[in-house]
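# Structural overview for review
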Amino acid sequence: MSVQLGMPQPRQEAAPTLPAVPPSRPADAPAGLTDRYGRRATDMRLSLTDKCNLRCTYCMPAEGLEWLAKQAVMSAEEIMRIVRVGVEQLGVRELRLTGGEPLVRHDLVDIIAALRRNHPDLPISMTTNGVGLAKKAAALKAAGLTRINVSLDSLHEETFTKLTRRPFLDQVLAGVDAAWAAGLGPVKLNAVLMRGINDAESPQLLAWALERGYELRFIEQMPLDADHGWTRRNMITAAEIRELLSRDFVLSPDRRARDGAPAERFEVRRRPAGSAEPDGPVLGTVGIIASVTEPFCSDCRRTRITAEGKIMSCLFSREEFDLLGLLRSGAGDDELARRWQDAMWIKPKAHGMDHVGLDAPDFVQPDRSMSAIGG
Ligand code: SAM
Ligand code: SF4
């Protein structure tokens, strides 16, 4: 294996033996889902399922993963209870439904309708791969979904199929348009760039999104693939993304407050061929989520619940604590809230992927893939 200075590879090692229950946080710790470093989690990412109908190379292996048994996954009622504790007792202010693929859950519309009844003012968004979205967008909106993020890595059938290992590009494009037409905007699009596969297409993807009024966000590929095939050499960095886009566009920092958002936003103007200066008005914005090279851990406001009801304080956490088991054992809301707070209190300061230098502690790749955590 070749190692580049400043770019250590993730280590892969057996998960440490962890306590089933987090240690109690101090009695005088601040209210809500706070941690030792003064951060407060108000943004809840809840995974509805570990199953998916695509096999994106940066996430899942070709053969899929061993799915959780049905009874291991949170039921609609259990989801309602956990969200209620988060919102009413712990200061959760926004909810993102994710997976796996949330659209494969047959009771998705009912779950959203029930969440909306319980929390009339809570922003509820969803991240989806868009397969089957065209048929469901209007029902999702009517049920009370606020907004949608659709993952779209390529506009070319062949490239899309290579990346996702499924020939569903037309369905995804129809889904994006249906979401917009149903009023689920602003529609955000997530794209992961893979070297030599879709990186050269990035300006075209941006032009397409701008023409339609969608907000495209490029996400640096993170070492969360089940195949453990991620390499630093192959990942396209945020700096490279800016460079790729600057061929056709001029990007200027968006002055609106970032407000804990993972994406750094830029205003986009057209760059005429051969010119360094922009021409014409601002066409829209583009976001770049630089989780690996420019991490935003110190501003992180996220708390995650996996499909089987485990609390994860960070995407890269190797510690997870069981909330669903506690709920099923008959625990009251106060006990659930305490477990959640204890688990968040020990949230790591940072994920360590950006450590520079060969003697710095290496980043250890988590065992779970993105689909199994809930991205
Ligand atoms: N299936 C849905 C989808 O693809 O949008 C929701 C779950 S998916 C895990 C959520 C987001 O994580 C997607 O936008 C996907 O592109 C992104 N993602 C998955 N694996 C990733 C990785 N290794 N690095 C960066 N982003 C990743
Ligand atoms: Fe499925 Fe989303 Fe993972 Fe792709 S990124 S395999 S769509 S969970």
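Treat the numbers as computed from the prediction; the structure is a model and nothing was measured.

## A look at the site of ligand 1
The full set close to ligand 1 counts 19 residues, and Tyr58, Gly100, Ser151, Asn190 and Met222 are the nearest of them. Between glutamate 101 and ligand 1, the recorded distance is 3.1 Å, taken from a side-chain N or O atom to a nitrogen atom. For ligand 1, an oxygen atom lies 3.2 Å from a polar atom in the backbone of threonine 128. Protein contact buries 96% of the 540 Å² of open area that ligand 1 shows by itself. At the level of secondary structure, the elements contributing two or more residues to the shell around ligand 1 comprise β5 (124-128) and β7 (188-192). Of the residues contributing to the shell around ligand 1, the split by class is seven nonpolar, 10 polar and two charged.

## A short note on the site of ligand 2
Close to ligand 2 lie Cys52, Leu54, Cys56, Cys59, Met60, Gly100, Asn129 and Ser371, which account for all nearby residues. Among the residues making up the shell around ligand 2, the classes are represented as five nonpolar, three polar and no charged.

## Describing the packing of aromatic side chains
A complete count under the given rule lists two aromatic pairs for this structure. Look at tryptophan 180 and tyrosine 214: their rings are 5.6 Å apart centre to centre, the planes differ by 75 degrees, and that puts the pair in the edge-to-face class. Pair noted here: tryptophan 180 is in helix α5 (residues 169-181) and tyrosine 214 is in the loop between α6 (202-212) and β8 (215-219), with a separation of 34 residues, a long-range link. A relative accessible area of 43% places tryptophan 180 in the partly exposed class. On the numbers, 5.9 Å between centres and 50 degrees between planes, the contact of tryptophan 208 with tyrosine 214 is tilted. Residue tryptophan 208 shares its accessibility class with tyrosine 214, and that shared class is buried.

## Focus on the pairing of β5
Among the five residues in β5, five count as buried, and that is most of the element. Both faces of β5 are covered, namely the face carrying Ile124, Met126 and Thr128 and the face carrying Ser125 and Thr127. Summarising the sheet, strand β4 (residues 94-98) and β5 pair through three bridges and their orientation is parallel. By the bridge assignment for β5, arginine 96 is matched with serine 125. After leaving β4, the chain enters helix α2 (residues 108-118) and then returns to the sheet as β5, a path that is right-handed. Judged from the four bridges that link them, β5 and strand β6 (residues 147-151) form a sheet pairing that is parallel. Bridge pairing in β6 links threonine 128 to valine 150.

## A short note on α5
Between its terminal C-alpha atoms α5 stretches 19 Å, which fits the 18 Å expected from 13 residues at 1.5 Å a residue. Within the span of α5, buried status applies to Leu169, Val172, Gly175, Val176, Ala178 and Ala179. Contact partners of the buried residues in α5: α3 (133-143), β6, α4 (157-164) and β7. Count one or two residues on from α5 and you reach glycine 183, which has phi positive near 90 degrees.

The rules behind these values
- The numbering scheme is per chain: residues are counted from 1 as the chain's sequence reads.
- All chains are assigned letters beginning with A, and all ligands numbers beginning with 1, in the order in which they are written.
- The predicted nature of this model means local features are confined to residues of pLDDT at least 70 and side-chain atom pairs, given and counted, to a pLDDT of 80 or more, with totals for whole chains, interfaces and linings taken over all residues.
- As a convention, hydrogens and water are excluded, and side-chain values are obtained from all of the structure's heavy atoms.
- Throughout this document, a residue counts as near a molecule or strand when at least one of its heavy atoms sits within 4 Å of that molecule or strand.
- Think of a polar contact as two N or O atoms within 3.5 Å of one another; within protein, one of them needs to be a possible hydrogen donor and the other a possible acceptor, and neighboring residues in sequence only count if both atoms come from side chains.
- Using a 1.4 Å probe, the Shrake-Rupley method yields the accessible areas, and only the shown protein chains count as cover for residues.
- Helix numbering and strand numbering both begin at the N terminus, where a helix is a DSSP run of H or I of at least 4 residues and a strand a DSSP run of E of at least 2.
- Classification convention: Asp, Glu, Lys, Arg as charged; Ala, Val, Leu, Ile, Met, Phe, Trp, Tyr, Cys, Pro as nonpolar; all other residues, Gly among them, as polar.
- Centres within 6.5 Å make a pair out of two Phe, Tyr or Trp rings, where for Trp the six-membered ring is used; the pair is then stacked when the planes are under 30 degrees apart, edge-to-face when over 60, and tilted otherwise.
- When a residue's accessible area, from a 1.4 Å probe over protein chains only, is under 20% of the maximum for its type it is buried; when over 50% it is exposed; and in between it is partly exposed.
- For two strands to be treated as a pair, DSSP must find no fewer than two bridges joining them.
- We call a crossover right-handed when, viewed with the strands running away from us, the connection from the first strand over the helix to the second turns clockwise.
- Working rule for helices: expected span equals 1.5 Å times residues minus one.
- Two residues qualify as a contact provided that any one of their heavy atoms is within 4.5 Å of a heavy atom in the partner residue.

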